[in-house]
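Chain residues, written in single-letter form:
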Amino acid sequence: MARPVKCPHCNQSFDRDKVSFKQHNKRYYHEACYNIMVYGAKQYKNLIDFICHIRGWKAPTGFVIKQIKEFKDTMGYTDAGIQVAVYYHYRVLGNPIPTDDKIGIGFVRYVYDEAQKYVKDLSATNQHNNDAKIDTTPRSIKVKRTNSSYKKRKIVDLEELI
């Protein structure tokens, strides 16, 4: 019988013989907790990479990392939500990208809800467009010619005008 271990994600003790688990950095996780942890780490990496790409940085500043941590801890924002807010602020609204490294992402708190609404509306529009049934069968259409007065016009002789 193995010694009971504690999952660092959910803080529940479990027996490794009875429960399926994943080992990561000498820690034992439930399989579901491990998947959640890996997904969260991937989301955070995507956020950092996106911010660095937008701002033209090789690595994020400590100030930006502090702001991300603050947004997540105090305001309950998610990594994907912060990424959407940054995209919305710079790409959709067209605000200029600052060149000063001392400027962080403090604008996120002001555009987060608006960006979430934008994404929700955009996905609803895409869903509606995907659900639309479009008739693609070819149809023949007969177009009636109108009598154009172009052919009946007299040609103007320039020599008569002189």
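Read on for an overview of the structure. A quick note: this is a predicted structure, and the numbers were derived from the prediction, not measured.

Before going further, it helps to spend a moment on the nonpolar core. Ile51, Ile68, Ile82, Val86, Ile105, Phe107 and Val108 are the most contacted members of the largest nonpolar core, which totals 22 residues. At the level of elements, α1 (31-55), α2 (62-74), α3 (79-92) and α4 (108-131) are the ones that each hand at least two residues to this core. Top element by residues in this core is α1. It accounts for six residues. Ignoring anything within four residues of it in the chain, the contact list for Ile105 reads Ile51, Val64, Gln67, Ile68, Phe71, Ile82 and Val86. Of all hydrophobic cores here, the second largest spans seven residues; its members include Phe14, Tyr28, Tyr29 and Tyr34.

Turning our eyes to something else, we now look at the pairing of strand β4 (residues 27-30). Both strand β3 (residues 21-24) and β4 contribute to a ladder of four bridges, which runs antiparallel. Within β4, the position partnered with Phe21 by the bridge is His30.

Once that is clear, we can look at the pattern of salt bridges. Evaluation of the coordinates by the stated rule reveals six salt bridges. Between Lys117 and Asp121 there is a salt bridge, with its nearest N and O atoms 3.0 Å apart. One end of the pair is Lys117 and the other is Asp121, both in helix α4 and four residues apart, which spans about a single turn. You can call Lys117 exposed: its relative accessible area is 52%. A single salt-bridge network, built from bridges that share partners, covers Lys66, Glu70 and Arg109.

Cut-offs and rules
- Residues numbered from 1 in each chain as written.
- Predicted model: local features only at pLDDT ≥ 70, side-chain atom pairs only at ≥ 80, totals over all residues.
- Heavy atoms only, no water.
- Core = buried A, V, L, I, M, F, W, Y, C linked by side-chain atoms within 4.5 Å.
- Buried < 20%, exposed > 50% of the residue type's maximum accessible area, 1.4 Å probe, protein only.
- Helix = DSSP H or I, 4+ residues; strand = E, 2+ residues; numbered from the N terminus.
- Contact = heavy atoms within 4.5 Å.
- Pairing = 2+ DSSP bridges.
- Salt bridge = Lys/Arg side-chain N within 4 Å of Asp/Glu carboxyl O.

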